[in-house]
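# Overview (structure and organization)
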Amino acid sequence: MTAQSPGSVNPLTGEALPPVEGPAVAGIGSLVREARAAQARWAGTPFPERARRVRALGRRIVERRAEGAAILASELGRTPGMCEVAELNNAVAFAEAAIRTARTALAPHKVSLSMLDFPGKRAVVEPVARGVVGIIAPWNYPVSNFMKSLLPALLAGNAVVMKPSEQTPRSGAWLAGLAREAMGPDVVHLVQGGGDVGAELIEAGIDAVVFTGSVPTGRLVAAAAAARLIPCSLELGGKDAAIVLADADLDRTALGISQWSMFNSGQDCSSIERVYVEASVADAFVDKLTRVVRGLRVADGSGEAELGAIQNPSQLAIVEAHLLDAVSRGATIRCGGERTGVGNGFPGTVLDHCTHEMKVMTDETFGPVVAVCRVSDAEEAVRLANDSRYGLNGSVWTRDLDRGEALARRLDVGIALVNNHSLTGTMPELPWTGTKETGTGIASSQWAYSTFVRRRTLFIDKNKDPDPFWMPADESLQAFRELLAQKNLGGGVRVMLKLAGVLGRRVAAIRGLLD
């Protein structure tokens, strides 16, 4: 059975895009069973072969980047060139880094046991694939948001069911098609649709779920996963802050903050949405920031541009509501602030003199808007930066690296940076994680693998004698217990000699049960 997702709209042109077919909700359970049947074979595939196929997927993405960029551009309102830069061109290097990380994460761990207390025994802790992993991804990065979880899930030996956003179904289908080419037709599956499809996917018997999206939906996903007792990794909202100290290199800082507040038109959970700048350099910094942001081009269909359109009208309405609220409460628009008139186009916008009474400083804007708050010193900046429901990235910009590092460690975030921001999201070796309403999930790095594998202890005993604590509970067991306690309290050679003698009597007594 199949069903059609509603056709989405090109955010730049307003052109209606055709509907996309996917399995009907009633058929998702059958699809998960198909994935489970294939998973045992995939898990039994040696790691070097799984890695080879993941590497092949990375190559396919780069080789077919023009095709993928055209699909992404139609759904996101970015230019094709920016789609390549943001999500496609680095796929080979990303896959290689993911493979290196997987080798560490999936290595068996040999446990060192005391030969005196556990003679003839050894143990190893090894990873076992969960089974079928569901990945529910958002629309803002419809390829790279999948890649952070898709690659480790596959490398760990899982089958995967991908659920793209209903706003970007074609991008998800394109990636799933390439994954199926590389892995085989049954290891990676795709479902399409809205929240009802995501809910049914969790109920259909998957063994773990990764969700990236809004806080309200994340709570529902967490509750559904908890009811089924399956692991759940959540990456939710963000309201990232940057702190600019008086000794910062203002030229580089203005360029860096422009990059990480405006990239992807600010439609990024790790965009810099708040800047706390020391008052003594605030005028100079805001002037430089405004100069850079004002020069960024917005896509209009005529060629390459740094900023794409806002992906959907609902998000555009939030951006405009935040600006209206901020201005009504005393903020000043230094550049931008109004629609371009081409689709959902919106220019880069700098707001000055912002306070925490404004939504633009407290709620996720998710658009090309950066709000500047002037502070008296670094202490006030850290306090305000931490005064947020979210905690993904936080950065400190300064020439004094030691001081910057100390301040960064005080930020209540998952990723703390000095003189950069958001960059680690492209690095599979480093954990992408947050605090508070950002969620406690981990994407990327060896620490993300708790979602994709369970740990199994394998214990081997080659001792030919029975263990001394086995039955019967006679006087030799009482003597053994007492001497063992004395040994653990630091008993010397005499205790050890007595213990050796009792061990012989214990073995004889235990074997005597067979007489």
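Read on for a plain summary of the structure. All residue numbers refer to position in the chain's written sequence, counted from 1. The predicted nature of this model means local features are confined to residues of pLDDT at least 70 and side-chain atom pairs, given and counted, to a pLDDT of 80 or more, with totals for whole chains, interfaces and linings taken over all residues. Working from all heavy atoms in the structure, the side-chain values ignore hydrogens and water.

## So, empty space enclosed by the protein
Grid spacing is 1 Å over the protein atoms alone, the probe is 1.4 Å, and a cavity is where that probe fits but cannot get out, while a pocket is an open set with protein on both sides within 12 Å along at least five of seven lines and lining residues have an atom within 4 Å of a point. Grid points are joined across faces, edges and corners, and a volume is the space filled by probe spheres set on the points. Under the definition given, this model contains 6 cavities of 30 Å³ or more. Estimated volume of the largest cavity: approximately 80 Å³. Lining the largest cavity are 15 residues, with Arg274, Ala385, Tyr390, Asn393 and Val413 positioned closest to its centre. By the criteria applied, helices consist of DSSP H or I runs no shorter than four residues and strands consist of E runs no shorter than two, each listed in order from the N terminus. At the level of secondary structure, the elements contributing two or more residues to the lining of the largest cavity comprise strand S10 (240–244), helix H14 (378–386), strand S15 (390–391) and strand S16 (393–397). Three categories are distinguished: nonpolar for Ala, Val, Leu, Ile, Met, Phe, Trp, Tyr, Cys and Pro, charged for Asp, Glu, Lys and Arg, and polar for the others, with Gly belonging to the last. Residue composition of the lining of the largest cavity, grouped by class: 6 nonpolar, 5 polar and 4 charged.

## Details of the pairing of strand S4 (residues 121–129)
We call two strands paired when DSSP finds no fewer than two bridges between them. With 3 bridges connecting them, strand S3 (residues 109–111) and S4 associate as antiparallel partners. Bridge assignment links His109 to a residue of S4, and that residue is Val125. Of the strand pairs in this sheet, S4 and strand S21 (residues 453–461) are connected by 9 bridges, and their pairing is antiparallel. When the bridges of S21 are listed, Ala129 appears paired with Val453.

## Side note on the pattern of salt bridges
When the charged atoms of two side chains with opposite charge come close together, those side chains can pair. We define a salt bridge as a side-chain nitrogen of Lys or Arg found within 4 Å of a carboxyl oxygen belonging to Asp or Glu. Per the stated rule, a full pass over the model turns up 35 salt bridges. Measuring nitrogen to oxygen at the nearest pair gives 3.1 Å for the salt bridge that ties Glu67 to Arg64. Between Glu75 and Arg170 there is a salt bridge whose closest N-O contact spans 2.7 Å. Of the two residues, Glu75 sits in helix H3 (residues 65–76) while Arg170 sits in helix H7 (residues 169–183), which places them 95 residues apart along the sequence. Given a relative accessible area of 0%, Glu75 falls into the buried group. Note on exposure labels: buried denotes an accessible area under 20% of the residue type's maximum, exposed denotes more than 50%, and partly exposed covers the range between, all computed with a 1.4 Å probe on protein chains only. Here Arg170 falls in the buried class, since its relative accessible area comes to 14%. The network of salt bridges with shared partners includes Asp283, Asp287, Arg334, Asp352 and Arg374.

## Some thoughts on unusual backbone geometry
Across the junction of Met471 and Pro472, the peptide omega takes the value 20°, indicating a cis bond. Topologically, Pro472 is positioned in the loop between S21 and helix H16 (475–488). Residues other than glycine seldom take positive phi values, yet Leu229 does so here, at roughly 60°. If you trace the backbone, Leu229 turns up in the loop between helix H9 (215–228) and strand S9 (232–235). Residues other than glycine seldom take positive phi values, yet Ser265 does so here, at roughly 55°. Tracing the backbone shows Ser265 in the loop between helix H10 (250–262) and strand S11 (272–278). Overall, Ser265 belongs to the buried group, its relative accessible area being 0%.

## Regarding the environment of Val277
By secondary structure assignment, the location of Val277 is in strand S11. Each C-alpha atom, one on Val277 and one on Val372, is 7.2 Å from the other, the two residues being 95 residues apart in sequence. Whether two residues are in contact is decided by their heavy atoms: any pair within 4.5 Å suffices. Contacts of Val277, omitting those with residues within four sequence positions, involve Val244, Ala282, Phe285, Val372, Cys373, Arg374 and Val375.

## Here's the deal with the pairing of strand S6 (residues 159–163)
Most of S6 is tucked away: 5 of the 5 residues are buried. Of the two faces of S6, both are covered, the one formed by Ala159, Val161 and Lys163 as well as the one formed by Val160 and Met162. Where strand S5 (residues 132–136) lies against S6, 5 bridges are found, and the strand directions are parallel. Looking at the pairing, Ile136 lines up with Lys163 of S6. A crossover links S5 with its parallel partner S6, the connecting element being helix H6 (residues 144–155), and its sense is right-handed. Where S6 lies against strand S7 (residues 188–190), 3 bridges are found, and the strand directions are parallel. Residue Val161 lies in a different strand from S7, and its bridge partner there is His189. As a crossover connection, the stretch from S6 through H7 into S7 is right-handed. Handedness of a crossover is defined as follows: orient the strands so they point away from the viewer, and if the path from the first strand over the helix to the second runs clockwise, the crossover is right-handed.

## Quick notes on the packing of H3 against helix H4 (residues 80–88)
Between N-to-C directions, angles span 0 to 180 degrees; the directions come from axes that are lines fitted to C-alpha atoms, helices contributing only their stretch in contact. At a minimum axis distance of 8 Å, the contact between H3 and H4 shows a crossing angle of 105°. Judged on the interaxial angle alone, H4 and H3 are roughly perpendicular. Residues Arg65, Ala66, Gly68, Ala69, Leu72, Ala73 and Leu76 of H3 form the contact with H4, whose participating residues are Pro80, Cys83, Glu84, Glu87 and Leu88. Here the residues of the contact of H3 with H4 sort into 8 nonpolar, 1 polar and 3 charged. Oblique is the label for any angle not covered by the other classes, which are roughly parallel (under 35 degrees), roughly antiparallel (over 145) and roughly perpendicular (65 to 115).

## So, the packing of H10 against helix H11 (residues 279–294)
Two numbers describe how H10 lies on H11: the axes approach to 9 Å, and their chain directions differ by 50°. As far as their axial angle goes, H11 and H10 are oblique. For the pair H10 and H11, the sense of crossing is right-handed. In this structure, H10 contributes Leu250, Asp251, Thr253, Ala254, Leu255, Ile257, Ser258 and Met262 to the contact, and H11 contributes Val281, Ala284, Phe285, Lys288, Leu289, Val292 and Val293. Taken together, the residues of the contact of H10 with H11 break down into 11 nonpolar, 2 polar and 2 charged. By definition, any crossing whose near helix is turned counterclockwise from its far helix by less than a right angle is left-handed, and any crossing with a clockwise turn is right-handed.

## A few points about the sheet that holds S7
The 5 strands are arranged S7-S6-S5-S8-S9 in an open sheet whose pairing can be described as parallel. This sheet does not close on itself; its edge strands, each paired only once, are S7 and S9. The mean angle between the axes of side-by-side strands here comes to 15°, regardless of whether they run parallel or antiparallel. Sheet strands touched by helix H1 (residues 28–43): S5, S6 and S7. Its angle to S6, the strand with the most contacts, is close to 150°.

## What about the sheet that holds S4?
Sheet architecture is open: 3 strands sit in the order S3-S4-S21, paired in antiparallel fashion. The strands lining the two open edges of the sheet, one partner per strand, are S3 and S21. Along the sheet, successive strands turn relative to each other by an average axial angle of 25°, direction set aside.

## Structural notes on the state of the cysteines
For the purposes of this analysis, a disulfide is any pair of cysteine sulfur atoms at a distance within 2.5 Å. Per the stated rule, a full pass over the model turns up 0 disulfides. Not engaged in a disulfide, the cysteine Cys83 finds its nearest cysteine sulfur in Cys269; these two sulfurs lie 18 Å apart.

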